[in-house]
Amino acid sequence: MERNYWVRTEHGRVWGPYSISALERLRGQLTEKCEASTDGKEWHPGADFPELRSLLVPARKIERQTVAPAAGPRISKAMAEAFGIGGTPAAPSDPSQAPDGAPGATAPATKTAPGVAKGPPVIAPAIPKGLPVVAKGPPAAPRPPPVMPKAPPPPPPALEQLVVPESGDLAELSPARLYAVLALTSASGSLQLDLDKGRMLQISFRRGTPEHLSCDDPELSLLRFLQSKGMVEADKALAAEEQAANSGQDIVSVLFQMQVIPASDAHRLLGEHAVFLLDRALATWRGKFTFMKDAPVPPGAFPLGSRWALLVDSVRRLDAALLRARLGKRLLRPVVRSGGLALGKVEELALNAQEARIYAGIDGTRTGEELLRAHETAATVRLLYLLTELGHLAFADVEESAAAQEPPAKVAAPQPAPAPAAAPQRELPKTSREPPPGASAPPRPAAPPVMKAAPPARPPAAPPKVPAPVVSRPPPTFAQGPEDESPEAGLDRLSALWERLAKADHFEVLGLDRKTATPAETKRNFFVLAKELHPDTVTDATLADLRELKERLFARINEAAQVLGDEKRRKEYESELDGKAENVDVSRIFAAEENFQKAEIFIKARKYQEGLDLLEQAIQMNADEAEFYAWRGYAKFLLSKDRKQAFEECASDCRKALKMVERCLPAHLFLGHMAKALGDLKLAKKCYTRVLELDEKHIEAQRELRLMGTKG
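Here we summarise the structure given alongside this text.

## Remarks on the overall build of the chain
Then, in step 1: Tallying secondary structure elements over the chain gives 28 helices and 11 strands in all.
Then, in step 2: Taking all 712 residues of the chain together, the buried fraction comes to 34%.
Then, in step 3: Carbon and sulfur atoms make up 55% of the accessible area of the chain, which totals about 44300 Å².

## Let's talk about the pattern of salt bridges
Then, in step 1: This structure, assessed with the given rule, holds 25 salt bridges.
Then, in step 2: Ionic pairing is found between Arg8 and Glu35, a salt bridge with its closest N-O pair at 2.5 Å. Here Glu35 lies in strand E3 (residues 35-37) and Arg8 lies in strand E1 (residues 4-8), a separation of 27 residues in the sequence.
Then, in step 3: Taking relative accessible area as the criterion, Glu35 reaches 27% and is therefore assigned partly exposed.

## Brief notes about the state of the cysteines
Then, in step 1: Counting across every chain of the model gives zero disulfides.
Then, in step 2: Cysteine Cys650 is unpaired, with the sulfur of Cys654 as its nearest cysteine sulfur at 8.1 Å.

## Observations regarding the sheet that holds strand E9 (residues 288-293)
Picture the strands of a sheet paired through backbone hydrogen bonds; they go either parallel or antiparallel.
Then, in step 1: Taken in spatial order, the five strands line up as E5-E9-E6-E7-E8 in an open sheet, and their pairing is antiparallel. A single partner strand is all that each edge strand has here, and the edge strands are strand E5 (167-169) and strand E8 (209-215). Looking at each pair of strands side by side, their axes are set apart by 20° on average, direction ignored.
Then, in step 2: Pairing of strand E7 (residues 200-206) with E8, which is carried by six bridges, proceeds in the antiparallel orientation. Bridge assignment links Phe205 to a residue of E8, and that residue is Pro210.

## Observations regarding the pairing of E9
Each regular strand displays side chains that alternate between the two surfaces of the sheet.
Then, in step 1: Pairing analysis gives three bridges linking E5 to E9, with the strands arranged antiparallel. Across the sheet, the residue bridging to Ser167 is Thr290, located in E9.
Then, in step 2: Note: strand E6 (residues 189-194) against E9, five bridges, orientation antiparallel. Directly across from Leu191, in E9, lies its bridge partner Phe291.

## Points about the environment of Gly490
Then, in step 1: Along the polypeptide, Gly490 turns up in helix H17 (residues 487-503).
Then, in step 2: For Gly490 and Leu546, which are 56 residues apart along the polypeptide, the C-alpha to C-alpha distance reads 7.9 Å.

## What about the side chain of Asp279?
Then, in step 1: Looking at the element boundaries, Asp279 is found in helix H7 (residues 266-282).
Then, in step 2: We classify Asp279 as buried; its relative accessible area is 17%.
Then, in step 3: Only 2.6 Å separates the side chain of Asp279 from the side chain of Ser314, close enough to count as a polar contact.

## A closer look at empty space enclosed by the protein
Where empty space is left can be seen by rolling a probe of water-molecule size over the atoms.
Then, in step 1: Applying the stated criterion across every chain, the model contains four cavities of 30 Å³ or more.
Then, in step 2: Looking at the largest cavity, its volume works out to about 40 Å³.
Then, in step 3: Surrounding the largest cavity, Pro175, Tyr179, Leu191, Leu193, Ile203, Phe205, Leu278, Ala281 and Leu282 form its lining.
Then, in step 4: Counting only elements with at least two residues in the lining of the largest cavity, the list comes to helix H3 (175-184), E6, E7 and H7.
Then, in step 5: No other element matches H7, which puts three residues into the lining of the largest cavity.

Analysis parameters
- Residues numbered from 1 in each chain as written.
- Predicted model: local features only at pLDDT ≥ 70, side-chain atom pairs only at ≥ 80, totals over all residues.
- Heavy atoms only, no water.
- Helix = DSSP H or I, 4+ residues; strand = E, 2+ residues; numbered from the N terminus.
- Buried < 20%, exposed > 50% of the residue type's maximum accessible area, 1.4 Å probe, protein only.
- Areas by Shrake-Rupley, 256 points an atom, 1.4 Å probe, with all protein chains shown as cover.
- Salt bridge = Lys/Arg side-chain N within 4 Å of Asp/Glu carboxyl O.
- Disulfide = S-S within 2.5 Å.
- Pairing = 2+ DSSP bridges.
- Axes fitted to C-alpha atoms, helices over the stretch in contact; angles between N-to-C directions.
- Polar contact = N/O pair within 3.5 Å; in protein donor to acceptor, adjacent residues only side chain to side chain.
- 1 Å grid on protein atoms, 1.4 Å probe; cavity = no way out; pocket = protein on both sides within 12 Å on 5 of 7 lines; lining within 4 Å.
- Points joined across faces, edges and corners; volume = space filled by probe spheres on them.

Here is the structure:
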């Protein structure tokens, strides 16, 4: 039987167990500093094994070259000839520190320049600082004024010290920001997060990239994950657990032995489970964390992917309602950019087209709520959470704006003061009515200003009239508790409420009647429930369970209000309740759109086969997009060797796209391109003209028609 070896490199990477023939694949990667073992426990230098010596190569030595100090400024040839010295570096301005033979030093003699007759030694007098040197003899060219060195630019504002603390509270330092600091500093070690019920989740980093995740919660184990994906049946899962408990092996080894996991899918499934745990880690907002620097990564670990892409993709999968509840009242403030005080660069996050548009539109004038109304809510709230945690965005303070709202109340208060001042003027006419009949005329001019001053004070009272529409039902009271309720009793009451609302529809959640509910009633009920269920109503830090429960409840009523408050979304939701809506897999639609965007880039880069493969995948995931077929037909045409023979098949994809959406501009454009390539200028001109009818500023169609016109 061939002997197996474990090999550990000088960087700590472990391979094995492999036979000698298998280790041949690592030839050139194993140095004399690596260690080897026959049991994976006791390690010895690799050179101690004669059969491994031929695989080892000498370790490379990196020699650091010291940079020679830069020479001082040199004297020009004209100056050297004028002073009778050689082309040596200029002397320092301080005579006491000048070397022998330099101007400014009391040397006995100086060197003569080449081409100058030798004479008696010239004694160079000491030149005081700041005095110009005037050469005797023929006048020299005027020397340009000295160029003063520019002051160094002010240093950028210092970021917070990027050091991961050994321990801390997740309520103060979120897992997303912890991850970003570890990625930016290329840290290595183990990050442990305390979950609910005493469970722990561990993330192992190597140079800023997560390579291994584990959790002691049975519900988050690999076996439960595979069961949820339909990869393992319940009876096999139970048998695997029993065998692992009896043999002492890990569950992965047992699943391999039972041939439950195909060897070809092992790497993918383990990676998907690790990403699943990363999602769970980033969704943890309560508890403690500890970081053990330079803790070793478990054997067999592998990088899960790009450090920043993993973070962004995980945030994209978080529950948008919970993220909105976490942002809370901050969404009422203007969203501003940080001005460079952020972790990493936005370009490293690889935002998709939708996220890039949202980020580009942030100019500091709109609040978070206004951004949510202007763009797709879920994508916007996830982007705001991610970029605020990383410091690319921030919510501006609104103290000044709050103070600016106070003057109307203060202005309205002094207005009664002029009234008493004018009152004596009104009393005078009353007392003088009897003797002078014309004395009543002066008070009348004074009275109108007082009466006219009253209307300007009333406009601020207009906003309370917004909820003017009459609602038919009283506001809900099911979220209110007794006045003297203890935290324990409140937790039990709200837990029962959560079990009820989690199963209820949006109308029941807000206490609405589906037939008679109005937008005004929806808004009123949401605000009434939010006063009771908002997580900020829990101010005691020790009541973390109660706060987390209120976060879930607030997210639930917020989701219901967002759907029912929008007329279009409400109709779609009612159709779903009636069983008329089709089941749509949103994740597949998003994945198809992402593949299409990548395919478009590949085709424009003339990588037609790669683009065609991505288009096929996009059509499989979402076959209702006309633009997908138009691009597929054009990609096939560009890839075909005999374009004339392939024209009908390729054009059929474009015609199919036009049958689905007649205004599909790419389909008309690509039909024109294909017709022009085959010499059918009549069809090409017709297609380009249709493109301009759809978009009169389409540059490509304008150019093609102009070129065809010059040829004709």
